[in-house]
Structures are given as C-alpha cells and as structure tokens.
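Fold and contact review
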Amino acid sequence: MKINKNTIKAYESDASQIRGKALNVVLPTTIEEVKRAVINSKRIVARGGGTGLVGGCVPQDKLDTILDLSKLDTISNFNYENKTVEVEAGVILDDLQEYVSRYDLEFPVNPFSHSVCTLGGMIATNAVGSRALKYGRTSNWIKWIEVVDSDGKMSKKGITEISDYSGMEGITGIIVRACLKLSPKKIRTANLFDSDNYNEIISLVKNLKRNRAISMIELLGKMASKKVGLEKKYHLIIEYEDGSGKLSGGKYNDLLMLREKMGVIMLEEGHTYLEDPKVMLEKSDRLVRWLEERGIPFFGHIGSGIFHPGFNEEQKKYIPEMMKLVKRLGGRISGEYGIGLLKKEFVDANDKKIIANIKKRTDPKNKFNVGKVI
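Anyway, here's the lowdown on the structure attached to this text. (Residues numbered from 1 in each chain as written. Predicted model: local features only at pLDDT ≥ 70, side-chain atom pairs only at ≥ 80, totals over all residues. Heavy atoms only, no water.)

**Comments concerning the nonpolar core**
Operational definition: Residues enter a nonpolar core if they are buried and are Ala, Val, Leu, Ile, Met, Phe, Trp, Tyr or Cys, with the set joined through side-chain atoms within 4.5 Å. The buried label applies to any residue whose accessible area, calculated with a 1.4 Å probe on protein chains only, is under 20% of its type's maximum; exposed applies above 50%, and partly exposed to all values in between. Labels follow the DSSP assignment, with helices taken as runs of H or I lasting at least four residues and strands as runs of E lasting at least two, numbered in each case from the N terminus. Pairs of residues are marked as contacts when any of their non-hydrogen atoms sit within 4.5 Å.
Counting 38 residues, the largest nonpolar core has Tyr-198, Leu-219, Leu-236, Ile-302 and Phe-307 as the members making the most contacts within it. At the level of elements, α5 (198-208), β12 (214-220), β13 (234-240), α9 (284-293), β16 (306-311), α10 (319-328) and α11 (349-362) are the ones that each hand at least two residues to this core. In contact with Leu-219, other than residues within four places in its own chain, are Tyr-198, Ile-201, Tyr-234, His-235, Leu-236, Phe-298, Phe-299, Gly-300, Ile-302 and Phe-307. Formed by 27 residues, the second largest nonpolar core is a distinct cluster that contains Phe-78, Val-91, Cys-117 and Trp-141.

As structure tokens, then:
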C-alpha cells in the first residue's frame, strides 16, 4: 500500500530532526508485500518507530523508497517451556511485554523509547537500555532472524550470521521477523545514592558491578539532577532484583520515571543534540570533567559505560572535540544510538572497511539504506 504524496513529508525525518526527501512510501502488511517492494525499488530505507536520533531512516535526495514496517505487527509461536516467541519487525516493545507478562516473562532489553520503538528497529540497531549491565544488547536475546535480501528473497539467519544484520542499521537487508528469547519477569526495587565527588561515584560503581543482583546503575550528572528536581549532585539510581533496594512499588516506579523523563527535559530545554559516547568507567572522570567545564548536562547508563550529554545550539560546536576525546580515552563514539547520518565522519577507517565488506557481501546491489553508517 502506497502513501498519499501529501503525507510523505511525515516520513522524511526521525527523532534526529534531520530532514530528507523521499521518492515514495510503502506500507506492507505482509512479508510477501515487503518482498515485492524490494524487487520493485532501486533503493530502500526501512523504518520502524522513527525514534532514531542519528538519521538512520531519513531518505536521501528523493531517491529512496521508505518501507514502513509498522503494519508487520504479529506476535506468534510463543513457547513457554523454551521461553521463546516470534515477532514481526513492526511489533512495539511494550506490546510484546504486555503479551508475555501474562506468563510472568519479559524481554529484558529496555530502551527508554520502549512505548514506541519496534523490535525490528531494536534488532537493526542492536539496541541496549538501562539494564545492559546485566542483560546486554538485543542480539544476546535473538535465536534467529528472517531477512529479505536485495533480490526480494527471504532467508533465515542463525546465531553465527546475526551480526551481519543486528547493529548494521538496515544497510545489509530488511529484517522482517525474529525469534526472541525471554526471561522470567522480576520484581525490582531500587536505591538512590548521591555524592558531590565523582571519584566516589566511580569507586561505588566498581563495587556495585560485582553484585549479580543489580540490573541497572544509572547516573544523573549534577546539572541533570537539578533539572529533575534533585539536589545539584551526582545521583545513582541502583536497581536490584533480589529485594535489596529500599524503594519498591510506587516509589520505585516514581524513581524510574524520574530517569525516563530526563531525555524529554533535555529536548524541552534546548539540549537537542543528544550523544551517546561509551568510555571505560576508570577513564570517565576525564569525560565528565570536560563536559562540566563546558556546561553540558549529561546522564547515562554508567553501569555499561554509556553517557548521554545534551548539547544546545551554541554547544554543538564541541561535539567533534568530544568525539576526539572519547577516541583518545579508548572509547566508542556511539554506545547506543548508532551511526546513521550524523556520525559517519567519526567512524574509524578500519571500521569503515569492515562494514563496507559486510555490506558488499550481503547487499551487492547497494539497495539498502544507502549513505548511512559508511
């Protein structure tokens, strides 16, 4: 099904606010329709929930057909004994959680866009979330995926081939269905810790990471803490799965909501350029000091080393400088959001070669998400 030309503009941007030009938009309702769209299009950009922050699903130069996979939303073949379920690419994470929660199960990867992000998008970006400390990335919870290639043929990819697609941001093929592993649903509690001293934060996090009952360690920087109504200190939100936390029930939920609204507050206050560098805990003090010296608020998944600084219009000139610092610290320029259009210039030459080789092998016609990542 094609979209009326008057509504195509809604598909020409994502949460990054980058705007492109689409040739047209197709909304397949079946996998067979996905195959036909691929066969009939010279260039394809797959789109899930449109929640990406790096322009990963933004069409280019009126050459791309956008493939909106949101109508592929079937959940099937749930297996309680094996703790697995099959989902189509357009299934929203919260809908899956509601479905499996009836059996006291959950999909444990929880990005903060959980209410709108799709499983296909999560797989394509190899999404993480606040519980990455314990549960890792989306790819850790995939048994297999089904992918449509540039000839419109679908094939199943097992564990050894998943890395050619998960984390490749849609440049190697169209992920249409997956078999996911599930985890027993947990009753969680939390603690809130604060300090004026970042070295104390580092020391505490080192010790907390040894505790297997902890599933989340989130950091609010001093400026970020003040923005959500806390004292202007560093704050840690520590989540437990063994009942060790002092905050439970409604108070636990309120604490998590405090963290979840952080990104929204950043955007509302003009810090619209959200980044996601990943650095080792032991070296993170240099990044924190650099951000604070420039008045840049930040929060993040300190348990897994991912920071989220928010730059405003005047501060965005510092982003390339931050990328260089992250590389000097042995970190990664993107721990969570991906590369898309925004970060191509910062990708290392060797990484570009590896990615280019994978794309050439999986997408020899150069049909999928052209111009992204590399």
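Next, the rest of the story.
**Let's talk about unusual backbone geometry**
One non-glycine residue, Glu-169, adopts positive backbone phi at about 60°. Tracing the sequence through the fold places Glu-169 in the loop between β8 (154-157) and β9 (174-181). Among the residues examined, Glu-169 registers a relative accessible area of 11% and is labelled buried. Positive phi values are uncommon outside glycine, yet Val-373 reaches one of about 70°. For Val-373, the location among the structural elements is in the segment after α11.

**Points about the side chain of Arg-131**
Within the element layout of this structure, Arg-131 appears in the loop between α3 (119-125) and α4 (132-135). Beyond its immediate stretch of four places on either side in the chain, Arg-131 contacts Pro-108, Asn-110, Gly-136, Arg-188, Ser-215, Met-216, Glu-239, Tyr-252 and Leu-256.

**Digging into the packing of aromatic side chains**
Put simply, the rule reads: Aromatic rings from Phe, Tyr and Trp, with only the six-membered ring used for Trp, were paired whenever their centres fell within 6.5 Å, and each pair was classed as stacked if the ring planes differed by under 30 degrees, edge-to-face if by over 60, and tilted otherwise.
Per the counting criterion, the structure on display carries six aromatic pairs. Look at Trp-290 and Tyr-318: their rings are 6.3 Å apart centre to centre, the planes differ by 85°, and that puts the pair in the edge-to-face class. Of this pair, Trp-290 sits in helix α9 while Tyr-318 sits in the loop between β16 and α10, placing them 28 residues apart in sequence. Given a relative accessible area of 9%, Trp-290 falls into the buried group. The partly exposed category is assigned to Tyr-318, whose relative accessible area is 23%.

**Observations concerning the layout of surface pockets**
Empty space among the atoms becomes apparent when a probe as large as a water molecule is rolled across them. Here is the rule: A cavity here means a set of points on a 1 Å grid, drawn over the protein atoms and nothing else, where a 1.4 Å probe fits but cannot get out; a pocket is an open set with protein on both sides within 12 Å along at least five of seven lines, and a residue lines either one if it has an atom within 4 Å of a point. Grid points are joined across faces, edges and corners, and a volume is the space filled by probe spheres set on the points. The classification used treats Ala, Val, Leu, Ile, Met, Phe, Trp, Tyr, Cys and Pro as nonpolar, Asp, Glu, Lys and Arg as charged, and all other residues, Gly among them, as polar.
The computed volume of the largest pocket comes to approximately 1,100 Å³. Along the walls of the largest pocket sit 47 residues, with Thr-51, Gly-52, Leu-53, Ser-113 and Cys-117 positioned nearest its centre. Counting only elements with at least two residues in the lining of the largest pocket, the list comes to β2 (44-47), α3, β9, α7 (249-260), α8 (262-268) and β15 (298-301). Considering only residue class, the lining of the largest pocket consists of 22 nonpolar, 19 polar and six charged. Looking at the second largest pocket, its volume works out to about 660 Å³. Lining the second largest pocket are 27 residues, and of these Gly-167, Arg-332, Ser-334, Ile-339 and Ile-355 lie nearest its centre. Here the lining of the second largest pocket takes three residues from α11, the largest share from any one element. Class assignment of the residues belonging to the lining of the second largest pocket gives a composition of ten nonpolar, ten polar and seven charged.

Take it as geometry only, folks, not as evidence of what the structure does.
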